[in-house]
Each structure stands twice: as structure tokens, then as C-alpha cells.
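Residue-level structural notes
Here is what each chain is made of, one letter per residue.
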Amino acid sequence: MKTDKFREIPTPFYYYDRELLEKTLTVIKEEMGKADNCHLHYAVKANTNADVLKVIAQYGFGADCVSGWEIESCVKAGFEPHKIVFAGVAKSDWEIQLALEVGIDHFNVESVQELEVIDEIAGRMGVEARVALRINPNVGAHTHANITTGLAENKFGIDIVDMVPTAREAMAMEHVRLVGLHFHIGSQITEMDDFEALAAKINELQDQLEAAGIGTLENINVGGGLGIDYYNPDENPIPDFANYFKTYREGLRLRKGQRLHFELGRAVVGQMGSLIAKVIYVKTNKIKKFAILDAGFTDLIRPALYGAYHKVENITSESGETDKYDVVGPICESTDVFVKDYELPTTKRGDYIAFRSAGAYGEIMASGYNCRPLPKGYLL
Ligand SMILES: *Cc1c(COP(=O)(O)O)cnc(C)c1O
């Protein structure tokens, strides 16, 4: 990583590698394009930096939003409204109204109550709302417990046993049109088995819908969740999209004319981002060396929130020696620790530190605790 590009920028900040983002988008286009019925709605919640959104919109991809504010950001960044879908376990009335005004493609609906509210608001506005049902497939993702979403114990989606009755209710509503099934089983999934299990479950559910006389729906949406290699960002800068898309192409029995939607977030933007920070002090006591940075969990919360790992690099040290450090932030909380006993080149005040693979769920999860300003992101 060349620091001359950003010596002038005050730390901490997010550095986004435009070249890697574009390479990633190109690979997705190629691999997904091997079947002509496939469409990507980038899961915007991973990173809504305006410049990043613009690039993704320019490649012709759609957006998966989980709030009205995200819909507004996407429209501003140039996403075509008919390529926007809207998910989320509880959408407020103003968000539903905004989505209908903007003319998004459809809502991913998570309860009968939500269907009723959408029907009523659409009726009042004199429009038809297209909806897909988010089904909780009770398929486990072998990932961190805080980021599994597809088990019956999770708050998301409609239970499998309620699928047919809910579909019937949707079909009976005057201002709602049922256009698909939606799934999302979790995040940072690296085993294709989990996606295979989801595909098999979807096949069963499609058979059930047909047997119940509901027929074939326009879209099947398998959500996102493909993970990235946090340990080897340089060796694996681009996730294995070939294998991922192939798993669904081969595992799903789609009906004639059916569209297949993907909602990847992390896999699109994770590897292109790094949080760049500066060492303020190196403090030593009897048992530890602490590299204390000007970035804390307010800037990158994943280690404190999920115990997540980010590769740490001292990108300016010229020392040939190494030492072990607890790399920590300046926030007044004991959990403000990025990593412990981590081997780095001998580190001193003023050195630049990069947290790699921080393009997803990094900048966007920042907070203003301790009156700290939010970090900015730069697409360079
Ligand atoms: C968060 C989310 C995604 C994206 O998940 P990634 O793990 O970042 O790919 C997709 N769909 C829905 C509904 C989500 O909530």
C-alpha cells in the first residue's frame, strides 16, 4: 500500500481501492452473467459511501435497501428505482410510502401485518405494491452466532409453515401483488454447503407452492452472505464468485422465465477497504506493549462487536525487527481493542497502521461516542 496517496488526509479514515472494486464488479458480472436470468442487488448496508455507490450503480447493478434513508442514498447515487428492493424486519409507514413514491421494484415482506400495512398505504396512494415473502428457511449458516439470520430462533422472516397461508393472504389483497420468495441465511459464509442446503430447501418450497395451487412466482431471491478471506486479503482479494454462482445454478430448479436475484454486500466491497490510522503512543508495562492508535471502535466496531479479525499492517515502519503488540484505540472502554499479542514490525509514534478488509460494515457502522467525528471514506 502506497502512503504517498494519502499523506495529506487526516487520520483515521477509510481508504477504498477503486481498482479492486472495479475488478470485483467485473468478475461478478462475468460469473453471474453465465446465466441470463441472474441479477445482483448490492446490499447497500455494507457500505453506503456515495462514491462507492456511484461506481456500483454505473456497472448496472441494483440495490437492496433496508431503510428509507438507504433508498434515498441509492436514488441520489444513480441506481434505477426499478432495480431497488426493500427488505427489513420493520418498515415504518413513511418508508413504505417513500418506496412506493420512488417506484422501487418490490418489498421483501416479513409478516402478515406488514402486508396489511403495505396494502393499505398502496391503496391510499392508488398504486400497486409488488411484494416478495421473506421466508425463514430454518437453514443454519456456519458462521458467527451474531450474524446468522435463517434459523427459527432469529427474528427475521416468515416461518416455513406459514408460507402458503401468507401467500394466499397476499394474493387476496387488492393493492398488493405477490412476485417472489426471498431468503437470507446469514453473513460471512465460506462453505458452499450452506448455500447448497438453501437451494435444496427452496426447491422443496417451490414444489409446495405449486402443489397448493399458488403457482410459479416471478423471482427467487437467495439473499447474500458470501464471505471474504480476512486472513489473506492479498492472496484472495476477490471472493470465489465462480463457485458461488455455480452452486446456485446447479442446485436450484428454477421454473421457466423465473428470475434469480442475489443480494451480496460484504463480498462486493469488503476487500477494497482499509481503515488507516496513526500510532499516537507506544506504551509498555511489565507484560505488554500497547500500540495506541487515533482510531477506535467508534471507527471500526467489528472486533468489539463480533470478535472479528482484521489483518493489521504497519505500512510505514522500516524496521527489520518485530515485536508483539496489543493494538488498541483511544476510547474510554476496555473493549476498545482491535487485536492482542499481534506481531508487527517495531512500531513507533507516528507510524501508519492499516486494518485490511474493512470495506464492508466498517465506515457505515461508525459512531460518534466520545464526541468523535465520523471517519470519512476516500475512493482513490
Ligand atoms: C445484510 C443483508 C444482505 C447482505 O449480506 P452480506 O453478508 O453482506 O452479503 C443481503 N440481504 C439482506 C436481506 C440483508 O439483510
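Let us look at the structure shown here. The shown structure was predicted, so the numbers you read here are calculated from the model rather than taken from an experiment.

This brings us to the site of the ligand. Of all residues adjacent to the ligand, which total 14 residues, the nearest are Lys45, Ser187, Glu263, Arg266 and Tyr361. Separating a nitrogen atom of the ligand from a side-chain N or O atom of aspartate 64 is a distance of 3.3 Å. At 2.7 Å from a nitrogen atom of the ligand is found a side-chain nitrogen or oxygen belonging to glutamate 263. Look at the ligand: alone it shows 390 Å² of surface, and the protein chains cover 94% of it. Residue classes in the shell around the ligand are distributed as three nonpolar, six polar and five charged.

Cis geometry is found at the peptide bond from threonine 11 to proline 12, where omega equals -5°. The phi angle at aspartate 341 is positive, at roughly 45°, despite the residue not being glycine. Assignment of secondary structure puts aspartate 341 in strand E15 (residues 337-345). Overall, the relative accessible area of 46% leaves aspartate 341 in the partly exposed class.

Across all of its chains, the model carries 23 salt bridges by this definition. For the salt bridge of arginine 130 with aspartate 105, the shortest nitrogen-to-oxygen distance reads 3.4 Å. With a gap of 25 residues between them, arginine 130 in strand E6 (residues 129-136) and aspartate 105 in the loop between helix H4 (93-102) and strand E5 (106-109) connect regions that are remote in the sequence. For aspartate 105, a relative accessible area of 17% puts it in the buried group. In this structure, arginine 130 and glutamate 218 form a salt bridge, with 2.9 Å as the shortest nitrogen-oxygen distance. With arginine 130 in strand E6 and glutamate 218 in the loop between helix H7 (192-211) and strand E9 (219-221), this residue pair connects regions lying 88 residues apart in the sequence. Exposure remark for glutamate 218: the relative accessible area of 31% places this residue in the partly exposed category.

Turning to its location among the elements, threonine 347 is positioned in the loop between E15 and strand E16 (352-355). A polar atom in the side chain of threonine 347 sits 3.1 Å from the side chain of asparagine 314. In this view, threonine 347 contacts Val279, Val282, Asn314 and Tyr325; residues no more than four positions away in its chain are not counted.

Let us now look at helix H2 (residues 50-58). Side chains three or four residues apart in an α-helix point the same way, a direct result of the helix having 3.6 residues per turn. Taken residue by residue, H2 has Val52, Leu53, Val55, Ile56 and Ala57 as its buried positions. In this fold, the buried residues of H2 make contact with strand E1 (13-16), helix H1 (18-32), strand E2 (38-43), helix H3 (68-77), helix H9 (266-269) and strand E17 (376-379). At the exit of H2 stands glycine 60, carrying a positive phi of roughly 90°.

Attention now moves to the layout of surface pockets. By volume, the second largest pocket amounts to about 300 Å³. Along the wall of the second largest pocket there are 15 residues; nearest its centre are Met1, Tyr15, Asp17, Asp234 and Arg356.

Take the pairing of strand E12 (residues 289-293) next. Note: strand E11 (residues 273-284) against E12, five bridges, orientation antiparallel. Bridge pairing in E12 places valine 282 opposite alanine 291. Taking the residues that link successive antiparallel strands as the turn, the E11-E12 hairpin has four residues. Pairing geometry for E12 and strand E14 (residues 322-328), over three bridges, is parallel. When the sheet's bridge partners are listed, alanine 291 is paired in E14 with valine 327.

Further remarks concern the packing of helix H5 (residues 112-125) against helix H6 (residues 163-172). In contact at an axis separation of 10 Å, H5 and H6 are set at 10° when each is read in the N-to-C sense. Overall, the two elements H5 and H6 adopt an arrangement that is roughly parallel. Each of Val112, Leu115 and Glu116 in H5 lies in contact with H6, whose residues at this interface are Thr166, Glu169 and Ala170. Taken together, the residues that form the contact of H5 with H6 break down as three nonpolar, one polar and two charged.

Right, let's get into the nonpolar core. Counting 101 residues, the largest nonpolar core has Ile56, Phe107, Val222, Tyr244, Tyr248, Phe262 and Val269 as the members making the most contacts within it. The greatest single-element share of this core, amounting to seven residues, is contributed by H7. For isoleucine 56, the residues in contact, after removing those within four places along its chain, are Leu21, Leu25, Tyr42, Phe61, Phe79, Val268 and Val269. Judged by nonpolar contacts, the second largest core, of eight residues, contains Ile276, Ile315, Tyr352 and Ala354.

Let's shift gears to H5. Compared with an ideal rise of 1.5 Å per residue, which puts 14 residues at 20 Å, H5 spans 20 Å between its outermost C-alpha atoms and is within 8% of the ideal. Turning to H5, its buried residues number three or more, namely Glu114, Leu115, Ile118, Asp119, Ile121 and Ala122. At its buried positions, H5 is contacted by H4, E5, E6, H6 and strand E8 (176-182). Phi for glycine 126, located one or two positions after H5, is positive at around 70°.

Further remarks concern the packing of H7 against helix H8 (residues 241-251). With their axes 9 Å apart at the nearest point, H7 and H8 run at an angle of 25° to one another. Between H7 and H8, the interaxial angle falls into the category roughly parallel. For the pair H7 and H8, the crossing hand works out as right-handed. Along its contact with H7, which presents Met192, Phe195, Glu196, Leu198, Ala199 and Asn203, the element H8 presents Asn243, Tyr244, Thr247, Tyr248 and Gly251. A class-by-class count of the residues in the contact of H7 with H8 yields six nonpolar, four polar and one charged.

Definitions and cut-offs
Residues numbered from 1 in each chain as written. Predicted model: local features only at pLDDT ≥ 70, side-chain atom pairs only at ≥ 80, totals over all residues. Heavy atoms only, no water. Near = heavy atom within 4 Å. Polar contact = N/O pair within 3.5 Å; in protein donor to acceptor, adjacent residues only side chain to side chain. Areas by Shrake-Rupley, 256 points an atom, 1.4 Å probe, with all protein chains shown as cover. Nonpolar A, V, L, I, M, F, W, Y, C, P; charged D, E, K, R; others polar. Helix = DSSP H or I, 4+ residues; strand = E, 2+ residues; numbered from the N terminus. Buried < 20%, exposed > 50% of the residue type's maximum accessible area, 1.4 Å probe, protein only. Salt bridge = Lys/Arg side-chain N within 4 Å of Asp/Glu carboxyl O. Contact = heavy atoms within 4.5 Å. 1 Å grid on protein atoms, 1.4 Å probe; cavity = no way out; pocket = protein on both sides within 12 Å on 5 of 7 lines; lining within 4 Å. Points joined across faces, edges and corners; volume = space filled by probe spheres on them. Pairing = 2+ DSSP bridges. Axes fitted to C-alpha atoms, helices over the stretch in contact; angles between N-to-C directions. Parallel < 35°, antiparallel > 145°, perpendicular 65-115°, else oblique. Core = buried A, V, L, I, M, F, W, Y, C linked by side-chain atoms within 4.5 Å. Expected span 1.5 Å × (residues − 1). Left-handed = near helix turned anticlockwise from the far one by under 90°.

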